[in-house]
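Below, each chain spelled out in residue letters.
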Amino acid sequence: MLRSARYTSIFFAAALLVAGACGPATTPGASGSAGASPTASAGGAAGTLVWYSDLSDLISLDPGVVYEFSGTLLAHNTYETLVKFEGADLATIKPGLAQSWDIKDTGSTFDITFKLKTGQKFASGNPITADDVVYSIQRAIKLNKSPAFLFTDIAQLKAESVKASDPSTVVVSLPKTASTQGFLSILTFTIGGIVDSKEVKTKESGGDFGSGYLLDHSSGSGPFVIDHWTKSTEVLLKANPNYGGTKPTLSAVLAKHVPESTNQQFALEKGDADIAENLSPQQIKALQGKAGVTTASGNSLQLVYVGMNSTVKPLDNVDVREALRTAVDYDGIVNNLLSGNAKKVQDIVPAGLAGYNDATPFQADVAKAKALLSKAGQTSITLELLVPTGPAPGGAQWSDIAAKLKDDWSKIGVTANIKQTTQAELLTTYRAQRGQLVLILWGPDFPDPDANVGPFTDYNAKSIAYRNGWNDASIAAKGRDAALVTDPTKRAAAYKEITEYVLHNGPYVILYQPTKQFGLRSNVKGFVWSPVDWTEFAAISK
Amino acid sequence: MRFLAFLARRIVGIAAVMIGVSIITFAISHVIPADPAVAALGDHATDAQIAAFRGEYHLDRPLPEQYVIYVNGILHGDLGKSIRTRRSVADDLADSFPATLELSFAALAVSLLVGIPAGIWSAIYRGRFPDVVVRIAALAGGSLPVFWLGLVVIGLFYYQLGWLPGGGRLDTFVSPPPTRTGLYVIDSLLALDLDALRSSVIHLVLPALTLGYFSTAVIARMTRSSMLEVLGQDYMRTARAKGLTERLVVVRHGLRNALIPTVTIIGLTFGSLLSGAVLTETIFSWPGLGRYATASAISLDFPAVLGVTLLAAVVYPVANLAVDIAYYWLDPRIQRD
């Protein structure tokens, strides 16, 4: 009797543990990546580029849904767009799937007519037609996910504004309040990725436009196709045999999720990784001069800045704001804190975009800053400085940059009380116009000056100008007008005037434009980082 | 019968704990002064997008109503949709929990296989050299930070010596075995996939040692002290007087009695291994529950945090129940209580 009770108890103990082990794994639909073959890894290491990166932001690979760094990087390599930027050049829009485009002012609208290249195919083998383009754009609008506002708000597109006039011609009608340049820039982004409508329609379920399927499959015409995505582990891309452009020399790209940068560095030095994306400036320095590895840098369009809420006294005074800008030691931040991993930029349009203004009039001028404060009738000011947790772009910790600012401002009698919170909490406060000084970054949504000038100047856009309580109707109007100018010289002049004005009147201390650093194996060739945060894997060889 | 009644009581207890935990977690997670919709959609989202998102996740409803919606979902087997990954929380947990479980089992195995013999050895050689070695190692195990230890073992065994892999669950070009339990070692055995088996075992070594070091130290110390106590008991002297070999005396008469306090510790240890895996998982790129929980908490992903909490609320009592059942076997006196 005793013995059998013992065996029963052992059995129960084992059963409980096994139940614990198996329970969640047998949840319906639990395999996560339905249909993603877990057996198809690899085609030998020789032609496979191994990319080590922190993929924790990856939530989808669908071009109508992605708006995160990892997702856009991968979707850019699996879908083609009507028009594109090549490499790091964001000045010239080049043909993609469209061989030409023509902009016509119809009086009530701007009509852009795209002529598709002939004989192009999707990875499935289906031909690329105007119907696919119409479906793709309408799909992104109707899905209404994170990037949809680029079409619906910025370009002011409606689903019915896109029409196929014949199998190789698409006409898009924009209202005259939208910028055609801006729209073309948006089309170069992943939301402009053209999906294979024939294939995707067969995968639609419950009005999801196939987004359940495209979450972890590709249905495009880019140089690579998605082989599988193992959640929290890796994404494998394989070369698309039907790709219409120059065939990639790589047969596959394996993006591995490795969050810890020390692991990335070790794996790179051991040759297990070909490219490591998230190395700190110190790690990059440590790599320099080592055998078998090299480093590369890429520009970014981000700006790290401090927002000064002009509804908070005494930040409503333009001289106080100018004093805060004047006191900061920008060179110290760029050269010491960031080890040169950034560019000193002080206006609201980053280098690399049309309308960039290279004026940098401010640099730790304590006497001038104090004079500005006394002109404003202020001698000592205490303000709260909201700061996110974790690393800032360029590699230093947000808290280190904040400490530097506090130090610089203390020299002119301004006490900044640092309050560090998660980005989510900080943004909740900032968006509600409840911050005082807020240290944060901004990256443009599309590579056009309007993507910065709009948010930074237009109070009614309820973006950055709103968050800082800066309601200057005349500069907002100038910003809206500049967006619509098509002549490049006139446009540059318009942005010069705007950026010059914001530089001294706006509620911002623009600190720097970060540079991104990568560790590479020495045999990796052709790697170019686009300032819009992706790289063309097809151009890389090893 | 008594056993079944005991089991039933415990299961009712687990259910009560889950209800309590869900209410507390739900309440706490909703007093954080940040908007999960902002966390999910970020800096650039328009007010309209945020409003739509809040509607989709019922964040615009009063808190009690949100709780009712949530519980109603659970009763229908739906843990909700993650705000961060936009997938069903059940799917996310199914992906990440087996990885943590496998790591925790491996760490527990290390703790038992090393900790118990070390504790016995240390007790037998009390005050002499082996005891000193074990006690120093145990002291180190209790005080070294996991993060530091993890980086050191990676630096040594992966980077310098190249003996073991530095992270992940499998080699770069080894495919995972077909999913049955989600535990790669078990799954590759079931599929007779020797490549995956070898790869998954060697990938477990460093993280399991790192994660298991602390609990090994705890178990060794506990075994040592209870063994010392047992060694001084009258029945041990009787056993020796009967002329049994020292080995038989220690293993058959001493160990079984000395293990009872150790088993208590094992139950607690297993729970702490599951939750303590966060740092180990980050250092070793281990796609487990700890990392999922951290990422979810940072992005204010309430459904995911609740899912993880509920899972933990099940796992802890289940581990303790397993311990209680083990008592039944180890100490027949308990059965008579």
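Because the structure is a prediction, the values reported are computed rather than measured.

**Comments concerning the overall build of chain B**
(1) Moving on: Secondary structure summary: chain B contains 14 helices and zero strands in total.
(2) Moving on: Starting at the N terminus and walking to the C terminus, you meet the elements of chain B as α-α-α-α-α-α-α-α-α-α-α-α-α-α.
(3) Moving on: Reported as C-alpha extents along the three principal axes, the dimensions of chain B are approximately 85 × 55 × 40 Å.
(4) Moving on: Among the 337 residues that make up chain B, the fraction classed as buried is 51%.
(5) Moving on: Of all intrachain contacts in chain B linking residues separated by at least 6 positions in sequence, the fraction that spans at least 24 positions is 72%.

**Some thoughts on the confidence of the model for chain B**
Residues and elements named next belong to chain B.
(1) Moving on: Confidence in the prediction for chain B averages 84 pLDDT; 98% of positions are at 70 or higher.
(2) Moving on: Predicted confidence in chain B is weakest over helix H14 (residues 332-336), with a mean pLDDT of 63, and strongest over helix H8 (residues 184-190), with 91.
(3) Moving on: Scored as a complex, the prediction yields pTM 0.82 and ipTM 0.78.

**Some thoughts on the pairing of strand E1 (residues 48-53) of chain A**
Residue and element names in this part refer to chain A.
(1) Moving on: Here E1 lies mainly inside the structure; six of its six residues are buried.
(2) Moving on: Burial of the side chains of E1 extends over both faces: Thr-48, Val-50 and Tyr-52 are buried on one face and Leu-49, Trp-51 and Ser-53 on the other.
(3) Moving on: Note that E1 and strand E10 (residues 252-257) share six bridges and pair parallel. Its bridge partner lying in E10, Ser-53 is registered against His-257.
(4) Moving on: Relative to strand E11 (residues 275-276), E1 runs parallel, the two sharing two bridges. The residue bridging Trp-51 from the neighbouring strand is Ile-275, located in E11.

**Here's the deal with the domain arrangement of chain A**
Residue and element names in this part refer to chain A.
(1) Moving on: Domain annotation of chain A identifies domain 1 (26-277 + 522-539) and domain 2 (303-515).
(2) Moving on: On a C-alpha basis, the centroid separation for the pair domain 1 and domain 2 is 32 Å.
(3) Moving on: Between domain 1 and domain 2, the residue contacts involve 17 residues of the former and ten residues of the latter.
(4) Moving on: For the pair domain 1 and domain 2, the two sides together bury roughly 990 Å², of which 67% comes from carbon and sulfur.
(5) Moving on: Per-residue buried area on domain 1 facing domain 2 is highest for Leu-90, Ser-179 and Gln-181; these three make up 33% of the total on that side.
(6) Moving on: On inspection of domain 1 and its partner domain 2, the count reaches zero salt bridges.
(7) Moving on: Our count for the contact surface shared by domain 1 and domain 2 stands at two residue pairs in polar contact (both at pLDDT 80 or more).
(8) Moving on: At the level of secondary structure, the elements contributing two or more residues to the side of domain 1 that touches domain 2 comprise helix H4 (148-154) and helix H5 (180-187).
(9) Moving on: Ranked by residues supplied to the side of domain 1 that touches domain 2, first place goes to H5 with five residues.
(10) Moving on: Across the side of domain 1 that touches domain 2, the residue classes break down as nine nonpolar, seven polar and one charged.

**Observations concerning a nonpolar patch on the surface**
(1) Moving on: A grouping of Leu-144, Trp-148 and Val-152 of chain B is seen on the molecular surface, where their side chains present a nonpolar patch of about 260 Å² in accessible area.
(2) Moving on: Given the relative accessible area of 35%, Val-152 of chain B is considered partly exposed.

**A look at the domain arrangement of chain B**
Residues and elements named next belong to chain B.
(1) Moving on: Domains assigned within chain B are domain 1 (2-75) and domain 2 (89-335).
(2) Moving on: One C-alpha centre belongs to domain 1, the other to domain 2, and the line joining them spans 31 Å.
(3) Moving on: Listed by partner, the interface residues are 21 residues for domain 1 and 19 residues for domain 2.
(4) Moving on: For the pair domain 1 and domain 2, the two sides together bury roughly 1,800 Å², of which 81% comes from carbon and sulfur.
(5) Moving on: The interface formed by domain 1 and domain 2 contains zero salt bridges.
(6) Moving on: Put simply, domain 1 and domain 2 have zero residue pairs in polar contact (both at pLDDT 80 or more) between them.
(7) Moving on: At the level of elements, helix H1 (2-29), helix H2 (36-41) and helix H4 (63-75) are the ones that each hand at least two residues to the side of domain 1 that touches domain 2.
(8) Moving on: Classifying every residue of the side of domain 1 that touches domain 2 gives 14 nonpolar, four polar and three charged.

**Observations regarding the packing of helix H5 (residues 89-124) of chain B against helix H9 (residues 194-231) of chain B**
Residue and element names in this part refer to chain B.
(1) Moving on: Relative to each other, H5 and H9 sit at 35 degrees, their axes nearing to 5 Å. The two elements H5 and H9 cross, and the hand of that crossing is right-handed.
(2) Moving on: Per-class residue counts for the contact of H5 with H9 are 20 nonpolar, nine polar and two charged.

The rules behind each value
Residues numbered from 1 in each chain as written. Chains lettered and ligands numbered in written order. Predicted model: local features only at pLDDT ≥ 70, side-chain atom pairs only at ≥ 80, totals over all residues. Heavy atoms only, no water. Helix = DSSP H or I, 4+ residues; strand = E, 2+ residues; numbered from the N terminus. Buried < 20%, exposed > 50% of the residue type's maximum accessible area, 1.4 Å probe, protein only. Contact = heavy atoms within 4.5 Å. pLDDT = per-residue confidence, 0-100. Pairing = 2+ DSSP bridges. Domains from an automatic or database assignment. Buried area = accessible area lost by both parts, 1.4 Å probe. Salt bridge = Lys/Arg side-chain N within 4 Å of Asp/Glu carboxyl O. Polar contact = N/O pair within 3.5 Å; in protein donor to acceptor, adjacent residues only side chain to side chain. Nonpolar A, V, L, I, M, F, W, Y, C, P; charged D, E, K, R; others polar. Patch = residues over 30% accessible without salt bridge, like charges linked within 9 Å, V, L, I, M, F, W, Y side chains within 5 Å. Areas by Shrake-Rupley, 256 points an atom, 1.4 Å probe, with all protein chains shown as cover. Axes fitted to C-alpha atoms, helices over the stretch in contact; angles between N-to-C directions. Left-handed = near helix turned anticlockwise from the far one by under 90°.

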